[in-house]
There are 2 protein chains.
Amino acid sequence: MKVAVLGFGTVGAGIYEMLANAKGLEQGPVLVRPGKDDAPFKRTSMEAILAEPGVEAVAEAMGGIEPAFSYAMAALKAGKHFVTSNKALVAAHGIELAAAAREKGVGFLFSAACGGGMPFLHNLSIAVESDLIVSLGGILNGTTNYMLDAMQRRSLGYAEALSDAQRLGYAEADPSADVSGLDALRKIVLSAAVAYDLLPVEGLCHEGIKSITAEDVKRIQARGLSCRLMAKCGPAAGGKVYAYVEPVLFPASAPECSVLDNYNMARYEGKCAGPMVFMGQGAGRWPTASAVLRDLDCILKGRLHMLSPACHEGSADNAACCHSYYVRLPSSMSGCFEAKSYSESDGVSELITKPMSVKAMHELAARLRGEGASLFFAAVED
Amino acid sequence: MKVAVLGFGTVGAGIYEMLANAKGLEQGPVLVRPGKDDAPFKRTSMEAILAEPGVEAVAEAMGGIEPAFSYAMAALKAGKHFVTSNKALVAAHGIELAAAAREKGVGFLFSAACGGGMPFLHNLSIAVESDLIVSLGGILNGTTNYMLDAMQRRSLGYAEALSDAQRLGYAEADPSADVSGLDALRKIVLSAAVAYDLLPVEGLCHEGIKSITAEDVKRIQARGLSCRLMAKCGPAAGGKVYAYVEPVLFPASAPECSVLDNYNMARYEGKCAGPMVFMGQGAGRWPTASAVLRDLDCILKGRLHMLSPACHEGSADNAACCHSYYVRLPSSMSGCFEAKSYSESDGVSELITKPMSVKAMHELAARLRGEGASLFFAAVED
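So, a few notes on the structure that sits alongside this text. Since this is a predicted model, take the numbers as computed values, not measurements.

Residue and element names in this part refer to chain B. Its place among the elements puts Lys80 in the loop between α3 (68–77) and β5 (81–84). Among buried charged residues, Lys80 stands out as having no salt bridge; its nearest opposite-charge side chain is Glu56, 8.5 Å away. A polar contact is formed between the side chain of Lys80 and the backbone oxygen of Val55, at a distance of 2.9 Å. Apart from the residues lying within four places of it in its own chain, the contact partners of Lys80 are Leu50, Val55, Glu56, Ala57, Val58, Ala75 and Val106.

The next thing to look at is the relation of the copies chain B and chain A. When chain B is brought onto chain A, the operation consists of a screw motion whose angular component is 180° and whose axial shift is 0.0 Å, with 0.0 Å RMSD remaining. Each copy turns onto its partner about a two-fold axis. A share of 100% of the interface residues of chain B reappears at the interface of chain A, consistent with the copies meeting face to face through the same patch.

All right, on to the interface of chain B and chain A then. At the junction of the two partners, chain B supplies 35 residues and chain A supplies 35 residues. Here chain B packs against chain A, burying approximately 3300 Å² in sum over the two surfaces, 56% of which is carbon and sulfur. Applying the counting rule to chain B against chain A returns four salt bridges. The closest approach of N and O atoms between B:Asp297 and A:Arg303, which form a salt bridge, is 3.0 Å.

Residues and elements named next belong to chain A. Per the stated rule, a full pass over the model turns up 25 aromatic pairs over all chains. Ring centres of Phe82 and Phe108 lie 6.2 Å apart, and the angle between their planes is 25°; on these two criteria the pair is classed as stacked. One end of the pair, Phe82, is in strand β5 (residues 81–84); the other, Phe108, is in strand β6 (residues 108–109), and 26 residues separate them in sequence. Taken as a pair, Phe82 and Phe108 share a single burial class, namely buried. Measuring from centroid to centroid gives 5.6 Å for Tyr325 and Phe377, while their planes differ by 75°, and the two rings are edge-to-face.

All names here are of chain A. Read from one edge of the open sheet, six strands run β3-β2-β1-β4-β5-β6, paired in parallel fashion. Single-partner strands in this sheet number two, and they are β3 (42–43) and β6. With five bridges joining them, strand β1 (residues 2–6) and strand β4 (residues 55–60) adopt parallel strand pairing. Looking at β4, one finds that Lys2 is bridged to Val55.

All names here are of chain A. Taken as a whole and assessed by the stated rule, the structure comprises zero disulfides over all chains. Here Cys321 stays free of any disulfide, with the sulfur of Cys322 as its closest cysteine sulfur at 7.5 Å. Accessibility expressed as a relative area gives 13% for Cys321, which makes it buried.

Across the junction of A:Glu66 and A:Pro67, the peptide omega takes the value 5°, indicating a cis bond. If you trace the backbone, A:Pro67 turns up in the loop between β4 and α3 (68–77). Even without a glycine there, the phi angle at B:Ser155 is positive, about 55°. Mapping B:Ser155 onto the fold places it in the loop between α6 (142–153) and α7 (158–167). Of the residues examined, B:Ser155 reaches a relative accessible area of 59% and is grouped as exposed.

A few words on the pairing of strand β17 (residues 339–345) of chain B. All names here are of chain B. The pairing of β17 with strand β18 (residues 348–353) spans six bridges and is classified as antiparallel. Residue pairing in the sheet places Ser343 in a bridge with Glu350 of β18. As consecutive antiparallel partners, β17 and β18 are separated by two residues, and within that stretch Asp346 has a phi angle of approximately 55°, a positive value.

Before going further, it helps to spend a moment on the pairing of strand β20 (residues 376–380) of chain B. Residues and elements named next belong to chain B. Burial analysis of β20 places five of its five residues in the buried class, which makes it a mostly covered element. Looking at chain direction, strand β11 (residues 241–251) and β20 are connected through two bridges and run parallel. Paired with Val248 across the two strands is Ala379, which belongs to β20.

Backbone hydrogen bonds hold the strands of a sheet together, and the pairing may be parallel or antiparallel. Residue and element names in this part refer to chain B. The parallel open sheet is built from six strands, whose spatial order is β3-β2-β1-β4-β5-β6. Each edge of the open sheet carries a strand with a single partner, namely β3 (42–43) and β6 (108–109). Both strand β2 (residues 26–31) and β3 contribute to a ladder of two bridges, which runs parallel. Its bridge partner being in β3, Leu31 is matched across the sheet by Arg43.

On to the packing of helix α5 (residues 120–127) of chain A against helix α9 (residues 182–196) of chain A. All names here are of chain A. Where α5 meets α9, the axes come as close as 8 Å, and the angle between the chain directions of the two elements is 20°. The orientation of α5 with respect to α9, classified from their angle, is roughly parallel. Where α5 crosses over α9, the two elements pack in a sense that is right-handed. Contacts between α5 and α9 involve Phe120, Leu121, Leu124 and Ser125 from the former and Leu190, Ser191, Val194 and Ala195 from the latter. Tallied by class, the residues present in the contact of α5 with α9 amount to six nonpolar, two polar and no charged.

How each quantity is defined
- Residues numbered from 1 in each chain as written.
- Chains lettered and ligands numbered in written order.
- Predicted model: local features only at pLDDT ≥ 70, side-chain atom pairs only at ≥ 80, totals over all residues.
- Heavy atoms only, no water.
- Helix = DSSP H or I, 4+ residues; strand = E, 2+ residues; numbered from the N terminus.
- Buried < 20%, exposed > 50% of the residue type's maximum accessible area, 1.4 Å probe, protein only.
- Lys, Arg positive; Asp, Glu negative; His and termini not counted.
- Salt bridge = Lys/Arg side-chain N within 4 Å of Asp/Glu carboxyl O.
- Polar contact = N/O pair within 3.5 Å; in protein donor to acceptor, adjacent residues only side chain to side chain.
- Contact = heavy atoms within 4.5 Å.
- Least-squares fit on C-alpha atoms with pLDDT ≥ 70 in both.
- Buried area = accessible area lost by both parts, 1.4 Å probe.
- Phe/Tyr/Trp six-rings, centres within 6.5 Å; stacked < 30°, edge-to-face > 60°.
- Pairing = 2+ DSSP bridges.
- Disulfide = S-S within 2.5 Å.
- Axes fitted to C-alpha atoms, helices over the stretch in contact; angles between N-to-C directions.
- Parallel < 35°, antiparallel > 145°, perpendicular 65-115°, else oblique.
- Left-handed = near helix turned anticlockwise from the far one by under 90°.
- Nonpolar A, V, L, I, M, F, W, Y, C, P; charged D, E, K, R; others polar.

Right, dumping it as structure tokens:
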């Protein structure tokens with residue numbers, strides 16, 4: 001099967017190179033920006049890609065929503081299989097892409113969009129055929145895991161940890177989607193679509209790691225705890241799902257704490273299969289390209305879809321998910337929380353809240369920040 | 001697709017029940033022993049199973065090599081897909097079964113035979129299509145992991161840990177294949193066949209946990225280490241593979257030490273994808289049945305094979321794998337090893353050897369035991 005590649009950056013070039021040695025697959029043309037067509041296999045328009053004889057599949061690695069979405073629809077309408085590592089694209093247009101693929105009888109897979117090298121969505125999509133998914137989630141963003149790990153094991157400050165991650169190529173020049181939790185949120189949205197036939201587009205909550213400071217790390221470590229950025233999802237009442245991203249504090253013996261550097265850990269719990277955990281590199285040229293190649297192999301062998309025809313857009317509801325939170329905030333605002341433990345030093349308070357809903361915590365944090373508060377919060381794993 | 005089930009024990013009954021709710025699959029007849037056909041869906045002969053109208057696939061969960069092998073060949077020759085959780089069967093006859101399946105254009109998958117609920121072989125078989133597998137292995141036997149964990153975290157003796165495992169249904173009435181390491185060895189043999197097109201039938205080494213005592217556990221813990229039974233495999237010179245099972249001592253911070261109870265951890269490292277780790281329940285009714293159902297779903301979607309046509313029987317070679325070992329043995333025999341550290345108490349010696357080959361260690365242990373020595377050894381993870 002000849003595969004065209006859209007984009008020739010880190011991931012696109014990796015896909016192109018891996019195609020040379022993959023069984024059953026062959027290198028097709030590569031779409032690049034005008035002026036960048038410095039090799040005979042490069043093309044500068046989507047029309048030229050689709051006009052190329054023998055191309056049966058298109059692998060997209062451009063990133064961004066447009067023109068990736070237009071190109072994806074053009075490829076599908078031309079009867080080409082479409083595989084992507086672009087989580088923003090699938091979170092925004094997954095349902096339309098899946099419908100277009102079904103209409104033409106071609107494949108649409110996006111394993112690489114969640115967990116990079118880890119075959120998480122692939123296995124989840126198989127598990128749902130015969131098992132019920134009780135819950136899913138994990139450490140889905142390698143950049144923030146790298147930063148949290150560097151702050152905790154190497155005592156770096158936030159800015160240092162970020163520039164380290166950028167130097168190593170783990171963080172984008174604009175890291176805002178990573179550090180805000182939005183990247184992990186998009187991944188959990190895709191997982192919800194695969195596991196629960198519902199792609200949540202509202203009611204979601206996400207808190208990243210932008211508020212954590214070196215002092216917070218010291219305070220957390222003094223409690224014998226360690227912080228990870230976790231994405232969580234599961235079924236909620238009324239045919240909805242819960243789906244959110246937030247920092248979580250774990251005891252040092254928790255398996256999450258053994259996820260170091262830029263590694264990811266994704267997990268689902270099947271009613272029959274029990275807990276199933278995947279660990280690997282969530283990003284980077286070769287891990288991501290490997291995931292795209294695995295999807296292409298699936299299409300070659302006949303597995304064409306990850307989203308069922310029943311999958312639809314809908315709402316998340318995080319009002320029924322309750323746990324305690326660790327909150328660091330100005331002492332003047334500590335009265336806004338019902339605390340079960342409390343300490344204060346130099347005008348800064350640390351407290352552990354009584355169990356409260358994810359929705360309430362995220363809303364309250366937004367309100368207090370709107371009032372000018374510097375505040376960090378993290379769920380406390382019981 | 002209507003699926004017949006061979007065997008109605010723990011796993012067989014689980015498969016039958018899960019078939020009732022699996023998309024695209026339906027319950028077929030079940031083969032039971034003569035006299036046990038107490039329900040209309042039960043049959044007592046393989047002929048009756050194959051004569052049943054509409055059966056397209058057969059899932060075997062009887063265990064043992066015969067009559068499972070004869071039944072498998074009969075099913076394949078009758079043009080039925082064949083799926084099994086029986087590692088002894090596939091380790092002994094995998095090549096013949098794969099050839100028979102290809103000849104008839106039907107599927108032969110055995111994910112559940114290695115790692116139970118974990119989709120290890122499935123993902124490995126996809127990874128090899130586009131990536132090179134640098135190494136693979138892990139904690140592949142839940143019974144021995146349960147026992148080692150109970151001896152180390154709960155200070156049980158060996159006999160107590162074993163009877164606990166039997167009471168919980170983790171260990172068979174005859175646990176010899178588990179505690180000798182043979183069960184884990186069979187699983188690593190299957191993994192080698194998938195990853196390297198070579199099913200090793202000789203040159204293998206396996207050491208289980210039969211020699212470990214409560215005193216050994218105390219001595220290991222005094223060193224700040226923890227013991228796990230590890231299976232390891234990778235490419236070796238001359239088109240061979242290395243493949244062995246032995247206890248390994250890890251520092252407490254190693255991810256292997258977070259694998260508790262009867263959980264398994266399997267790992268492969270792809271040249272491109274990097275390290276990929278799977279954790280889950282390796283055995284038990286529902287995890288194993290889930291794995292069988294996933295294989296059936298793969299067949300339904302068109303993925304029919306885990307073994308390539310090039311896969312053949314061959315030899316393992318463990319002479320080039322070298323590391324240090326911890327050895328506990330009678331002091332009178334300690335001169336048989338080149339030690340880099342040594343201690344002695346009451347006629348019992350503990351030593352750390354200089355790096356030596358897996359083959360040499362296993363052979364020397366066999367020789368010394370032949371001379372009557374009580375001896376425990378474990379690799380030391382550097």
